[in-house]
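Spelled out from the first residue to the last, the chains are:
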Amino acid sequence: MFAYKLLVDERGKRYLLKKDVKKFGTDLGIVDLENVEEGVELKSHKGHTFYLVEPTMFDILKRMKRTVTTLLPKDIGFIISIAGIREGETVVEAGTGSGALTMYLSNAVGKTGKVITYDIRPEFAKVARKNLLRVGAIRKGQKIIGLDEDFDDEDEIEIEDGLFNVIQKIGDVREKIDEKDVDVIVLDLPDPWNVVENAKKALNKKRGRIVTYLPYIEQVKKTVEKLKEEGFWDIHTYELIEREIEVSEKGVRPSTRMIGHTGYITVARVPPKPVDEKNEE
Ligand SMILES: C[S@@+](CC[C@H](N)C(=O)[O-])C[C@H]1O[C@@H](n2cnc3c(N)ncnc32)[C@H](O)[C@@H]1O
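Residues numbered from 1 in each chain as written. Predicted model: local features only at pLDDT ≥ 70, side-chain atom pairs only at ≥ 80, totals over all residues. Heavy atoms only, no water.

Draft legend 1. Fine view of the site of the ligand. Surrounding the ligand, one finds 23 residues, the nearest of these being Ser98, Asp119, Phe124, Asp172 and Asp188. Between the ligand and the protein, one listed contact pairs an oxygen atom with a backbone N or O atom of Leu71 at 3.2 Å. Within the complex, the protein chains bury 90% of what would otherwise be the 610 Å² of accessible surface of the ligand. Among the detected pockets, the ligand sits in the largest pocket. At the level of secondary structure, the elements contributing two or more residues to the shell around the ligand comprise helix 3 (100–109) and strand 8 (114–119). (Near = heavy atom within 4 Å. Polar contact = N/O pair within 3.5 Å; in protein donor to acceptor, adjacent residues only side chain to side chain. Areas by Shrake-Rupley, 256 points an atom, 1.4 Å probe, with all protein chains shown as cover. 1 Å grid on protein atoms, 1.4 Å probe; cavity = no way out; pocket = protein on both sides within 12 Å on 5 of 7 lines; lining within 4 Å. Sits in = over half its atoms within 2 Å of the grid points. Helix = DSSP H or I, 4+ residues; strand = E, 2+ residues; numbered from the N terminus.)

Structure follows, in structure tokens:
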């Protein structure tokens with residue numbers, strides 16, 4: 001589990017606390033957490049109710065430090081399901097950004113899989129590193145490949161049962177992707193059409209898939225054209241709309257506020273080898 005516990009007050013306000021926090025003060029009073037395990041209802045010294053539970057990855061995601069706009073759960077979930085990303089697979093991702101998608105990719109491929117995540121911006125990769133450490137996707141002190149920096153900060157906490165299956169790299173995937181036999185490449189960057197040729201070389205011909213996430217439809221058009229030009233097939237583009245439904249005594253209705261447009265998700269398969277080429281192996 002994560003190195004955090006989640007305290008939620010009676011209004012639904014959430015506080016993500018480090019496991020060793022023993023007392024926590026809020027405007028609803030001080031909550032004594034000494035020798036208290038998650039899974040309990042507590043009272044503050046002012047008599048207000050709090051729940052102490054284990055956080056989910058989503059609780060952590062909502063409170064993590066961001067350098068860029070991160071993907072939302074609706075898009076993350078869809079990317080993983082539409083690309084069929086599963087336990088044991090090798091996924092290459094670019095760019096890492098704040099690491100939101102990386103966390104879930106790590107979860108999807110599990111202990112026997114791996115996620116290699118590239119970013120061109122070292123300052124973003126360093127923030128993502130902290131987020132990834134929090135969920136056990138990387139190890140304490142783990143280096144970012146391509147960055148000549150040690151991370152020997154004593155404050156770093158390593159989660160006991162983390163997956164530790166993420167490798168961070170500094171690099172421009174338009175120039176090269178080091179990996180071969182990759183199962184899935186996920187691109188959340190502005191010009192994926194410039195990465196398609198490298199992706200084609202890196203993907204496993206039997207099952208390789210590519211996913212792109214783009215905010216503008218013009219970017220989608222350019223990407224799909226390039227994918228077709230390179231022989232990619234089974235190409236589909238989607239947009240997901242999320243609307244929360246409010247359930248109250250008065251009635252059940254969609255919330256007035258909703259998430260508008262986020263991005264378009266395109267998925268495709270890498271072209272297989274011509275049969276002659278296959279027989280030569
Ligand atoms: C929108 S953010 C990704 C957000 C990420 N999916 C998340 O959920 O946190 C785009 C990232 O791509 C990186 N990037 C842009 N072009 C790149 C390239 N050619 N190679 C590697 N990273 C790139 C940027 O530095 C930026 O961090």
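Draft legend 2. Focus on the domain arrangement of the protein chain. Structurally, the protein chain comprises domain 1 (4–55) and domain 2 (59–279). The centre of domain 1, based on its C-alpha atoms, is set 34 Å off from the matching centre of domain 2. Note on domain 1 versus domain 2: buried area summed over both sides is about 640 Å², and carbon and sulfur give 63% of it. On the domain 1 side of the interface with domain 2, the three residues burying the most area are Tyr4, Arg14 and Leu16, jointly 72% of the side's total. Asp59 is the partner of Arg14 in a salt bridge, and the nearest nitrogen-oxygen pair spans 2.7 Å. Counting across the domain 1 and domain 2 interface gives two residue pairs in polar contact (both at pLDDT 80 or more). Mapped by element, the contributors of at least two residues to the side of domain 1 that touches domain 2 are strand 1 (4–9) and strand 2 (14–18). Each residue belonging to the side of domain 1 that touches domain 2 can be placed in one class, and the counts come to four nonpolar, no polar and two charged. (Domains from an automatic or database assignment. Buried area = accessible area lost by both parts, 1.4 Å probe. Salt bridge = Lys/Arg side-chain N within 4 Å of Asp/Glu carboxyl O. Nonpolar A, V, L, I, M, F, W, Y, C, P; charged D, E, K, R; others polar.)

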